Amino acid sequence: MSKIKFQTLTGMHDVLPEDQIYFKRIQKSIEGIANYYTFQKIETPIVEMADVFTKSIGEETDIVGKEMYVFKTKGGDNACLRPEGTAPVMRSYLEHGMHNLPQPVKLWYEGPFFRYERPQAGRYRQFHQFGFEAIGEKNPSIDGQIIQMSYDVLKELGFKNIKIQVNSIGDSECRPYFRKILTSYLRSRKSSLCADCQKRLKDNPLRILDCKEEKCQQVKAGAPQTIDHLCESCHSHFKQVLEFLDELELPYELNPYLVRGLDYYTKTVFEIVDMSDFGQSQGTLIGGGRYDGLARMLGGRDTPACGAAGGIERIMGLMKEREMKVGSKQEEPQIFLAQLGQLAKRKSLKLFEEFRSAKIPVAESFTKDSLKSQMRSADKMGAKWVLIFGQKEALEEFITLRDMESGEQKEIKLDKVVEEMKEKLKQLKDGKKDKKLSKS
Ligand SMILES: [Zn+2]
Ligand SMILES: [Zn+2]
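These numbers come from a predicted model, not from an experiment.

A. Highlighting the coordination of the zinc ion (ligand 2). Protein coordination at the zinc ion (ligand 2) comes from Asp171 (OD), Cys174 (SG), Cys231 (SG) and Cys234 (SG), with a distance range of 2.2 to 2.3 Å. With four donor atoms in place around the zinc ion (ligand 2) and angles of 94 to 123° between them, the coordination shape is tetrahedral. Considered as a linear motif, the donors of the zinc ion (ligand 2) on their single chain read D-x2-C-x56-C-x2-C. One end of the pair, Asp171, is in the loop between strand 7 (162-168) and helix 6 (175-187); the other, Cys234, is in helix 9 (residues 232-247), and 63 residues separate them in sequence. Here Asp171 matches Cys234 in class, with each residue buried.

B. Representation of the packing of aromatic side chains. Taken as a whole and judged by the stated rule, the model has nine aromatic pairs. Aromatic pair Tyr69 and Phe114: ring centres 6.4 Å apart, planes at 80°, arrangement edge-to-face. Placement of Tyr69 in strand 3 (residues 69-72) and of Phe114 in strand 5 (residues 105-114) is noted, with a sequence separation of 45 residues between them. For Phe114, a relative accessible area of 8% puts it in the buried group. On the basis of an interplanar angle of 65° and a centroid distance of 6.0 Å, the ring pair of Phe130 and Phe132 is categorised as edge-to-face. Taking the relative accessible area as the measure of exposure, Phe130 reaches 1% and is therefore buried. Chaining the aromatic ring pairs together yields one cluster made of Phe39, Phe130 and Phe132. Between Arg82 and the ring centre of Phe113, over which it is positioned, the NZ or CZ distance is 4.2 Å. Sitting above the plane of the Tyr116 ring, Arg125 keeps its charged end 3.8 Å from the centroid.

C. Expanded view of the sheet that holds strand 1 (residues 40-41). The sheet built from eight strands is open, its strands ordered 1-5-6-11-10-9-7-8 with mixed pairing. Looking at strand neighbours, the two that pair on one side only are strand 1 and strand 8 (252-254), the edges of this open sheet. In the packing of helix 11 (residues 312-321) onto the sheet, the strands contacted are strand 5, strand 6 (126-135), strand 9 (266-275), strand 10 (281-290) and strand 11 (305-311), and the crossing angle to strand 6 comes to about 115°.

D. Representation of the coordination of the zinc ion (ligand 1) in the model. Around the zinc ion (ligand 1), the protein supplies Cys194 (SG), Cys197 (SG), Cys211 (SG) and Cys216 (SG) as donor atoms, at distances of 2.3 Å. For the zinc ion (ligand 1), the four donor atoms in the first shell make angles of 104 to 118° at the metal, so the coordination geometry reads as tetrahedral. All donors of the zinc ion (ligand 1) belong to a single chain; written as a sequence motif, their spacing is C-x2-C-x13-C-x4-C. In this pair, Cys197 sits in helix 7 (residues 195-203) while Cys211 sits in the loop between helix 7 and helix 8 (214-220), placing the two residues 14 residues apart along the sequence. Comparing Cys197 with Cys211 shows no difference in burial state: the two are buried.

E. The arrangement of helix 7 in detail. All of the buried residues along helix 7 are Cys197, Arg200 and Leu201. Angular distribution of buried residues about the axis of helix 7 spans 120°; they occupy a single face of the element. Counted as exposed and oriented over 90 degrees from the buried face of helix 7: Ala195, Lys199 and Lys202. Looking at the packing, one finds that the buried side of helix 7 touches helix 3 (62-65), helix 6 and helix 8.

F. Broad picture of the nonpolar core. Phe53, Met90 and Leu186 are the most contacted members of the largest nonpolar core, which totals 48 residues. Once residues lying within four places of it in the same chain are set aside, the contact partners of Met90 are Ile135, Tyr291, Leu294, Ala295, Leu298, Thr303 and Ala305. Counting 46 residues, the second-largest nonpolar core is a separate cluster that includes Tyr22, Ile26, Ala134 and Leu250.

G. Structural detail: the pairing of strand 4 (residues 78-81). The sheet contact formed by strand 2 (residues 47-49) and strand 4 spans three bridges and is antiparallel. Bridged to Met49 within strand 4 is Ala79. As paired strands, strand 3 and strand 4 are joined by four bridges and run antiparallel to one another. Bridged to Lys72 within strand 4 is Asn78. Hairpin connection between strand 3 and strand 4: a loop of five residues separates the two successive antiparallel strands, and Gly76 in this loop has a positive phi of roughly 95°.

H. Expanded view of a negative patch on the surface. A cluster of acidic side chains, namely Asp51, Glu59, Glu60, Asp203 and Asp263, defines a negative patch on the protein surface. Checked against the element boundaries, Asp263 lands in the loop between strand 8 and strand 9. Judged by its relative accessible area of 34%, Asp263 falls in the partly exposed class.

I. View of the pattern of salt bridges. The full count for this structure, using the stated rule, is 22 salt bridges. Across the pair Glu397 and Lys347 runs a salt bridge whose closest N-O atoms are separated by 2.4 Å. Remark: Lys347 occurs in helix 12 (residues 342-357) and Glu397 occurs in the loop between helix 14 (391-396) and strand 15 (398-403); sequence separation between them is 50 residues. Taking relative accessible area as the criterion, Glu397 reaches 41% and is therefore assigned partly exposed. A salt bridge links Glu353 to Arg356; the shortest N-O distance between them is 2.8 Å. Pair noted here: Glu353 and Arg356 are both in helix 12, with a separation of three residues, about one helical turn.

J. Here's a closer look at a nonpolar patch on the surface. A contiguous nonpolar patch, built from Ile46, Val47 and Phe71 and spanning about 220 Å² of accessible area, is present on the exposed surface. You can see Ile46 is positioned in the loop between strand 1 and strand 2. Assessed through its relative accessible area of 34%, Ile46 is described here as partly exposed.

K. Just helix 12, in detail. When the terminal C-alpha atoms of helix 12 are compared, their 24 Å separation across 16 residues agrees well with the 22 Å that a helix rising 1.5 Å per residue should span. Approximately 30° is the largest bend angle found in helix 12, and it occurs at Ser348. Looking one or two residues past helix 12, Lys359 carries a phi angle of roughly 60°, positive in sign.

Conventions used here
- Residues numbered from 1 in each chain as written.
- Chains lettered and ligands numbered in written order.
- Predicted model: local features only at pLDDT ≥ 70, side-chain atom pairs only at ≥ 80, totals over all residues.
- Heavy atoms only, no water.
- Donors = N, O, S within 2.8 Å, 3.2 Å for Na, K, Ca; no water.
- Tetrahedral: all angles 85-135°; square planar, octahedral: opposite > 155°, others 65-115°.
- Helix = DSSP H or I, 4+ residues; strand = E, 2+ residues; numbered from the N terminus.
- Buried < 20%, exposed > 50% of the residue type's maximum accessible area, 1.4 Å probe, protein only.
- Phe/Tyr/Trp six-rings, centres within 6.5 Å; stacked < 30°, edge-to-face > 60°.
- Lys NZ or Arg CZ within 6 Å of the ring centre and 35° of its normal.
- Pairing = 2+ DSSP bridges.
- Contact = heavy atoms within 4.5 Å.
- Axes fitted to C-alpha atoms, helices over the stretch in contact; angles between N-to-C directions.
- Arc of directions from axis to C-beta.
- Core = buried A, V, L, I, M, F, W, Y, C linked by side-chain atoms within 4.5 Å.
- Patch = residues over 30% accessible without salt bridge, like charges linked within 9 Å, V, L, I, M, F, W, Y side chains within 5 Å.
- Areas by Shrake-Rupley, 256 points an atom, 1.4 Å probe, with all protein chains shown as cover.
- Salt bridge = Lys/Arg side-chain N within 4 Å of Asp/Glu carboxyl O.
- Lys, Arg positive; Asp, Glu negative; His and termini not counted.
- Charge placed at Lys NZ, Arg CZ, Asp CG, Glu CD.
- Expected span 1.5 Å × (residues − 1).
- Bend = angle between axes of the 7 residues up to and from the residue.

Everything listed here is a matter of coordinates, which is why it stays silent on function.
Structure (C-alpha cells):
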C-alpha cells in the first residue's frame with residue numbers, strides 16, 4: 001500500500017465512533033449535574049481576542065507564554081484559539097451585563113480547547129473540557145457546591161478512588177507578603193531548583209510550588225505555606241469552605257502547596273485527583289477554585305466568582321483503561337430490526353421513524369447483509385427481541401417477531417408492530433419493578 005498522504009497534525013486527534021459512547025456518557029453526567037444545580041449552558045466562540053487570556057491567566061504562565069495558538073485576523077485583530085474556558089465566560093458575563101441578573105449567575109460549558117503543548121501520551125493540542133462557573137457570589141457555600149458538583153461528576157461516572165485536595169492561596173491583601181517570603185526562601189535555594197524554576201523565580205515564584213521536578217519537590221518540602229499567611233478575611237473564608245466540605249462529607253485533604261498555575265485564582269483552590277490501588281496519584285481530573293480578581297483583570301468591576309474545569313480525554317482515558325461501564329443495560333435498545341433485501345430496507349425506514357416518534361429505541365445494522373450475521377449482532381447487544389423484515393414480509397406487510405430467549409417466533413401485521421412492541425416493553429418494565437419489590 002502506498003504511504004498515506006494526509007494525517008492529523010501533531011497532537012491532534014479524531015474522536016472516533018468507538019469513543020463517542022464515552023463522550024456521550026461523560027457529557028450526560030455533566031449536563032445532568034449542571035441541570036440539577038440550575039447551572040445554565042453557555043457557548044463562547046473558539047476564537048477570542050488574545051488579550052482575554054494574556055490579561056487574566058498571566059503572560060508568565062506556560063499557557064499564555066508558550067502554548068497559545070495566536071494569529072492575526074485579516075482585519076488585523078490579535079486573536080487566539082481559546083486555551084481554557086473561565087476567562088471567556090467572564091468576558092461574556094461582563095459584555096452582556098449579567099451583573100444585572102440575580103446573582104450568582106451559574107453557567108456551564110463544554111467544548112474543544114487548544115494548547116500547543118509538548119506531545120505526550122494522553123495530552124492533545126485540541127482537547128475537550130467542561131466547566132462550571134458561579135459568578136457574583138462571595139459566600140464560601142458556592143466553593144463547597146462547585147467542589148461537590150465536580151466530585152459528583154466523577155462519582156457518577158464510576159470513579160472509586162478519588163480524593164479532593166484543597167488549599168487557599170490568599171488574595172491581593174495577603175498574597176504580596178506571602179510572595180515576598182516565599183521568594184526569599186526560594187532565592188536562598190536557587191541552585192537546587194530546576195532551570196525552569198530558576199527562571200520562574202523572578203516572575204512567578206508561586207508556580208515553583210507546582211513543579212513536578214524531583215529537585216524542586218525537595219525544596220518545596222521546606223517552603224513556607226500559604227495557609228499560615230492568610231489575612232483574616234481569607235482565613236475565615238477558607239475555614240468556612242472546609243466546614244462545608246465536612247458537612248457534605250466529602251473526602252478531602254489539605255495540600256498546603258497546591259497553587260494552580262493561573263494568575264486569576266484567589267483564595268480557594270482545589271483539585272480532584274485519581275488514586276491508584278497503591279495510593280499513588282494518577283493525576284488531576286478536575287480542578288478549579290475562586291477567581292475574585294478576574295472580572296477586574298478583564299476591565300470589569302470586582303466580582304467574586306468560583307469555578308471548576310475538567311478534561312474529557314483524560315477522564316475518558318482512565319475509564320477505558322479500567323474498563324469502566326459506560327451505560328446501563330436498560331438504556332440500550334431491547335429491540336433489533338433485521339432487514340433483508342432492498343424492499344424491506346426501503347420500507348424499514350418508515351418503520352424506524354414510527355418507532356422513533358413512539359420513543360422506542362431500536363437497533364439495527366445497515367451494513368451486514370446475511371440474517372445470520374444480523375442475529376449475531378443482536379445477540380451481542382443483548383437484544384430481547386428481533387424483528388425480522390425480509391422480502392416475503394415486506395411484500396405481504398407483516399413482520400416476524402423472534403423472542404431471543406425462548407426462540408419463539410410469531411407474525412405481526414406491519415401496522416401493529418409499534419403498538420405491540422410498546423406493550424411488550426411495558427410488560428418488561430413492570431416485570432422488573434415487581435421483581436425489585438419482591439426482593440425488598
Ligand atoms: Zn522546577
Ligand atoms: Zn487575604
